[in-house]
Amino acid sequence: MKYIYLLLAVGFLTVSCEAKYEGPTETLETLPVSQVVMPIKYAKDSITEIPVQYIRPTVCHSFYDFYYERSGLTRTVAILAVKENGGSSCPPSQLEYTATLKFKPANLGTYHFKFWTSTDAQGVDHFLEYDAVVNH
């Protein structure tokens with residue numbers, strides 16, 4: 001039994017002597033949407049693909065997921081990107097990319113989409129807005 005305690009003590013001492021943690025090597029950032037191609041047909045309980053275009057600000061940014069907020073029949077959408085914070089430089093990149101948002105309406109009605117495009121100097125968010133009529 002003494003040997004088990006000794007091994008645990010040595011293990012804890014070894015772990016406590018490791019190098020300091022330098023912080024995260026990646027951060028999550030919200031990127032604005034530049035363009036959306038909204039389909040014209042939507043069906044209840046059916047998946048509709050919505051192409052969403054955005055600009056990657058640097059080569060260190062890559063698509064992670066969508067920011068997707070539901071409020072009644074309103075959907076607010078933005079791009080979530082991971083930015084690598086490695087020691088290397090991050091050259092600017094103005095290339096446009098497309099991510100596909102999969103929308104599966106559960107109810108009939110008119111869904112209102114708000115795709116975030118920017119925030120102005122006064123802190124007001126701006127959106128591209130579209131309606132999606134689900135009628136069958």
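Cut-offs applied
Residues numbered from 1 in each chain as written. Predicted model: local features only at pLDDT ≥ 70, side-chain atom pairs only at ≥ 80, totals over all residues. Heavy atoms only, no water. Phe/Tyr/Trp six-rings, centres within 6.5 Å; stacked < 30°, edge-to-face > 60°. Lys NZ or Arg CZ within 6 Å of the ring centre and 35° of its normal. Disulfide = S-S within 2.5 Å. Helix = DSSP H or I, 4+ residues; strand = E, 2+ residues; numbered from the N terminus. Buried < 20%, exposed > 50% of the residue type's maximum accessible area, 1.4 Å probe, protein only. Contact = heavy atoms within 4.5 Å.

### Here we look at the packing of aromatic side chains
Counted under the stated rule, the structure contains eight aromatic pairs. Centroid distance Tyr54 to Phe63: 6.1 Å. Interplanar angle 35 degrees. Geometry classified as tilted. Each residue in the set Tyr42, Phe103, Tyr111, Phe113, Phe115 and Tyr130 is aromatic and connected to the rest through ring pairs, giving one cluster. Here the guanidinium or amino end of Lys114 rests over the ring plane of Phe127, the centre of that ring lying 4.5 Å away.

### Observations concerning the state of the cysteines
The full count for this structure, using the stated rule, is one disulfide. One disulfide bridge connects Cys60 with Cys90, the sulfur atoms lying 1.9 Å from each other. Here the disulfide of Cys60 and Cys90 is left-handed, its torsion about the S-S bond being about -95 degrees. Highlighted residues: Cys60 in the loop between strand 3 (48-55) and strand 4 (61-71) and Cys90 in the loop between strand 5 (74-84) and strand 6 (96-103), separated in sequence by 30 residues. Exposure remark for Cys90: the relative accessible area of 25% places this residue in the partly exposed category.

### Some points on the environment of Tyr97
Along the chain, the position of Tyr97 falls in strand 6. With a relative accessible area of 27%, Tyr97 lands in the partly exposed category. Residues Tyr97 and Ser62, spaced 35 residues apart in sequence, show a C-alpha to C-alpha distance of 9.8 Å. Contacts of Tyr97, omitting those with residues within four sequence positions, involve Val52, Gln53, Tyr54 and Arg56.

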